[in-house]
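# Structural overview for review
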Amino acid sequence: MTCGRSRSTLVSLALLAAATAAAEDLPQLGKSPTKDVVAAMTREEKASLVVGVGMRRPGMSADRQGPVVGETAKGVPGAAGTTVPISRLGIPAIVLADGPAGLRIAPKREGEARTYYCTAFPIETLLASSWDTDLVESVGRAMGNETREYGVDVLLGPALNTHRNPLGGRNFEYYSEDPLVSGRMAAAMVKGVQSQGVSTSPKHYVANDHEWNRNVIDVKVSERALREIYLRGFEIVVRDARPWTVMSSYNRVNGTYTSESPALLTGVLRDEWGFEGLVMTDWFGGRDAVAQVKAGNDLLMPGTARQKEALLAALESGALPEEVLDRNVARILEIIRRSPSFLGTPRSDAPDLQAHARVARDAAAQGMVLLRNEGGTLPLRAPAKLALFGNTSYAMITGGTGSGDVNEAYTISLVEGLKAAGFAVQGALADGYAAYIAEEEKKRPAPARPFQPKPPIPERVVGPDAIARAAREADAALFTLGRNSGEFRDRVREGDFDLTAVEKTLVQDLAAAFHARKKKVVVVLNIGGVIETASWRDTPDAILLAWQPGQESGHAIADVLAGKTPPSGRLATTFPIRWEDVPSSAGFPGKVLEGPDPNAPPGPFRGDRAAEVEYADDVFVGYRHFATRGVKTAYPFGYGLSYTRFDHSGLRLRSAEFRGQLEASVTVRNAGSAPGREVVQLYVSAPGKALPKPVLELRGFGKTKTLRPGEEETLSFTLTARDLASFDEATSSWRAEAGTYTVKIGASSEDIRQTATFALAADETVLPAPTRLVAADSYRLSVGGGQPGTGAPTAGAAFSITGRKELSR
Ligand code: BGC
């Protein structure tokens, strides 16, 4: 009797058994030491892993298209990218998706009836205006939960570049002009998101503060300003919250692309700050894959065929030592090992969107800033009848455009929010706006490129009859003024920073008609960045800065207008009187360089031209400039009103002399008649003898709980030696000068309520910082004093970098 198996079957079985045995012998990620997994990888696999799977878009040139290996669409549609899986070594792909205001994935999938909407949380600028790190952490937890439940491993945020100029197109994605606020907000966000077992990617490291020519621009900045302003927020988030990844930026700093800078990526980030995760590029960022890998930019996203070829050729020629590539591969594997995709964390594809909407609504209300409230105009009392003006009263802007845009299921408009809060809305006006917006929407051209915003619908011109009728029928007027912006483009002054003629006229006409009947006018600012307010702010009775508050916009604004959530936001960025008053405006956005740029990335990059920008404002960014030079502001940093008022008292320093650290405490009392929360800001003035210093710098902040009238709370702060120090380029260290320091407790940078002094006995080196970011003899910097009170931009500031040197460690 034969057994019935043919010879060929037996051979196949034998081969299969041999293959299985071989596979069993292969190291597997997570089961074997990572170094063994790396050792088992081929060069081709290593090069594939450090280069993402690529991205395909219509019109994209062949060398930038993926996929290189593997596939991306099957993972999570609408995600920004994935890494290459290597199944024989047990290495799955991980999925990366934007972004700072919520998870960005496609809400619908082909052939499926169910949806994948995410929560649009308020923009980061609003979150920072809450000055409430617990609140931001709770937003992070909700965002992180959606990230995990939808099968994404890395959330590409938070973003923490600097509000250096009001026209920065992505300012809405960033927190503040101040690095302490940015760093602490970002740290809270990272802690919240990562508590859900997924990664974050603080971005864009570093000095990517404007959009103009962002892929090539060379930012010329002194090492001191880089350390004290632009790197400081990243330092805080890396040291305090340990993000698993960091995203390098598109731009160059002092001649070198950040993604190719060993000094920034290895010297500062890893050696000085102890970062242990992986660095990825921004999408298609940088120029030279080999230089990026060598510098410690571990992952090149989204990955191109050209990059992979370049790495393999450099391995072959010896230009890229294999152990350098191995180092980066190992870092990527460590992150993959911790990822939900590797751990097989179950995903529901059904996060609790209702619970997250409540988080979004509360956060939005807590971060709105009451700029003006004459004669107790606000809160409004339901069931008052309101006449709603402004397109955005009916079509709110929830957040900015580009990769930071979230695909949310719905937006609550202001009209819906007010009705739900029990207010009546003047119907004729609402009908007129609805018809106008529908008609204009049809005329709106599609955006020229993916990610680009459609041009805004022009503000509706409301005639005198409609205004007169509204003033007769309604109890008050509300005018919502909207602005939007996003990636690839900075904002402009005309009709964006400045109000349009139609907007200005409407404010005036509403005030005339409503004030004649002793009725109030309230302006709601639905904006993502700073605008001009000085020329019109005295006309309406109240101004609420609602920012771009996410999908619950209308509910959250109604909560604040009606006093259900008392306003407690404070500005984390200055509102200047004139754009020219901002010191960076003098050289904004930079200058195009003549002739071909040898350092430009290969091929035309969305029309970018070689360009540079000098950060001549040096450390005098935002209030550091306005306060030091005595330049008047429209609304200063830290400013915001409440429906009550607060007394600050009893500032106490633990000691009159600084020894290692110093405790300070101050008591806040609700001295008004409504509940509210106060933000306490602790500024320090340093002696400033050897180095020019801002007259005050924020070194701590805290927010009270909701205080009832008469209730008080004591807040405590600890000052460390670092809080006294400036970066001293001569010794490449943080140094604190001996002398008298003043602690200033303020309700804003211009409203100091309590002061106390302490002494530092001797000069002190607080922290050495061995990485040189600009060769010491390669630039000359002198920052003059400006002209107090004139608003002259950085008068007297001179800055130049003469001759470039390689950044070194
Ligand atoms: C943006 C990043 C974003 C990436 C992926 C880039 O254009 O600058 O912030 O994370 O795209 O979408």
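On a predicted model such as this, the values are computed, not experimentally measured, just so you know.

What counts and how
Within any chain, residue numbers begin from 1 and follow the written order of that chain's sequence. In keeping with the predicted nature of the model, local features appear solely for residues at pLDDT of at least 70, side-chain atom pairs appear and are counted solely at 80 or more, and the whole-chain, interface and lining totals rest on all residues. Processing note: side-chain calculations cover all non-hydrogen atoms of the structure and skip hydrogens and water entirely. Residues are labelled near a given molecule or strand when at least one of their non-hydrogen atoms is within 4 Å of it. Under the rule applied, a polar contact is a pair of N or O atoms within 3.5 Å (in protein, one hydrogen donor and one hydrogen acceptor; residues adjacent in sequence only if both atoms are side-chain atoms). Polar here means any residue outside two lists: the nonpolar Ala, Val, Leu, Ile, Met, Phe, Trp, Tyr, Cys and Pro, and the charged Asp, Glu, Lys and Arg; Gly therefore counts as polar. Among the buried residues, those of types Ala, Val, Leu, Ile, Met, Phe, Trp, Tyr and Cys that are joined through side-chain atoms within 4.5 Å form a nonpolar core. Burial classification: accessible surface area is computed with a 1.4 Å probe over protein chains only, and a residue below 20% of its type maximum counts as buried, one above 50% as exposed, and the rest as partly exposed. Numbering of helices and strands starts at the N terminus; helices are DSSP runs of H or I of at least 4 residues and strands are runs of E of at least 2. Any pair of residues with heavy atoms lying within 4.5 Å of one another is described as a contacting pair. At least two DSSP bridges between two strands are required for those strands to pair. For Phe, Tyr and Trp, rings pair up if their centres lie within 6.5 Å, where Trp contributes its six-membered ring, and each pair is then called stacked (planes under 30 degrees apart), edge-to-face (over 60) or tilted (otherwise). Two thresholds decide whether a charge sits over a ring: the Lys NZ or Arg CZ must be within 6 Å of the ring centre and within 35 degrees of the ring normal. The score called pLDDT rates the predictor's confidence residue by residue, from a low of 0 to a high of 100. Axis geometry follows a simple rule: fit a line to the C-alpha atoms, using only the stretch in contact for helices, then measure angles between N-to-C directions, giving values from 0 to 180 degrees. Note on angle classes: values under 35 degrees are labelled roughly parallel, values over 145 roughly antiparallel, values of 65 to 115 roughly perpendicular, and the remainder oblique. Handedness of each helix crossing follows the sense of rotation of the near helix against the far helix: counterclockwise by less than a right angle gives left-handed, clockwise gives right-handed.

Taken together, 13 residues form the shell around the ligand, and within it Asp98, Arg170, His204, Asp282 and Glu487 come nearest. A distance of 2.7 Å separates an oxygen atom of the ligand from a polar atom in the side chain of His204. Looking at the shell around the ligand, its residues break down into 5 nonpolar, 2 polar and 6 charged.

With 154 residues, the main nonpolar core has Tyr205, Val206, Phe389, Phe514 and Leu525 as its most contacted residues. The biggest single contributor to this core is helix H6 (residues 179-194), with 9 residues. If near-sequence neighbours (up to four positions away) are discounted, Phe389 is found in contact with Leu429, Tyr433, Val462, Ile467, Ala470, Ala477, Leu478, Phe479, Thr480, Leu506, Leu510 and Phe514. With 41 residues, the next largest nonpolar core counts Val38, Ile91, Val290 and Ala314 among its residues.

Moving on, we get to the environment of Lys504. In this fold, Lys504 is placed in helix H20 (residues 501-516). Residue Lys504 is classed as partly exposed on the basis of its relative accessible area of 36%. Residues in contact with Lys504, not counting those within four places in the same chain, are Leu499 and Ser535.

To continue, consider the sheet that holds strand E17 (residues 591-592). The 5 strands are arranged E8-E7-E5-E18-E17 in an open sheet whose pairing can be described as mixed. Each end of this open sheet is capped by a strand with a single partner; those strands are strand E8 (256-257) and E17. Bridge count between E17 and strand E18 (residues 611-614): 2 bridges; the pairing is antiparallel. Across the sheet, Val592 pairs through a bridge with Ala611, a residue of E18.

If you trace the backbone, Thr771 turns up in the loop between strand E29 (764-768) and strand E30 (779-782). In this structure Thr771 comes out as buried when scored by relative accessible area, which is 3%. A polar side-chain atom of Thr771 sits 3.4 Å from the main-chain carbonyl oxygen of Gly267.

Moving on to the sheet that holds strand E4 (residues 199-200). Here 4 strands make up an open sheet; going across it, the order is E1-E2-E3-E4 and the pairing mixed. The open sheet has two free edges, formed respectively by strand E1 (81-82) and E4, since each of these has just one partner strand.

A few words now on helix H7 (residues 223-230). At 3.6 residues per turn, the α-helix brings residues three or four places apart onto the same side. Of all 8 residues in H7, 8 are buried, a share of seventy percent or more. What H7 keeps buried is the set Glu223, Arg224, Ala225, Leu226, Arg227, Glu228, Ile229 and Tyr230.

We now examine the packing of aromatic side chains. Taken as a whole, this structure holds 17 aromatic pairs when the rule is applied. Where Tyr635 meets Tyr639, the ring centres are 5.3 Å apart and the plane angle is 25 degrees; that geometry is what we call stacked. Note on Tyr635: relative accessible area 5%, which makes it buried. In textbook terms, an aromatic cluster arises when at least three aromatic residues are bridged by ring pairs, as seen for Trp131, Tyr623, Phe637, Tyr683 and Phe701. The ring of Trp734 carries the charged tip of Arg722 above its face, separated from the ring centre by 3.8 Å.

With that settled, consider the confidence of the model for the protein. Here the protein averages 90 in pLDDT, while 88% of its residues score no lower than 70. Residue range residues 1-18 is modelled with pLDDT below 50. Its contacts to residues more than four positions away, or to other chains, number 2 contacts. Considering only residues more than four positions removed or in separate chains, one finds that residues 66-72, a stretch of pLDDT under 50, has 24 contacts.

Between helix H18 (residues 464-473) and H20, whose axes approach to 9 Å, the crossing angle comes to 45 degrees. Judged by the angle between their axes, H18 and H20 are oblique. Read as a crossing pair, H18 and H20 show a hand that is right-handed. Across from Ile467, Ala470 and Ala471 in H18, the residues of H20 making contact are Leu506, Asp509, Leu510, Ala513 and Phe514. Here the residues of the contact of H18 with H20 are counted per class, giving 7 nonpolar, no polar and 1 charged.

Turning next to the packing of helix H5 (residues 133-149) against helix H14 (residues 353-366). Between H5 and H14, the shortest axis-to-axis distance is 10 Å and the interhelical angle comes to 150 degrees. Considered as vectors, H5 and H14 are oriented roughly antiparallel to each other. Seen from above, H5 lies across H14 with left-handed handedness. Packed against H5, whose contacting residues are Leu135, Ser138, Val139, Ala142, Asn145 and Glu146, the element H14 presents Leu353, His356, Val359, Asp362, Ala363 and Gln366 at the interface.

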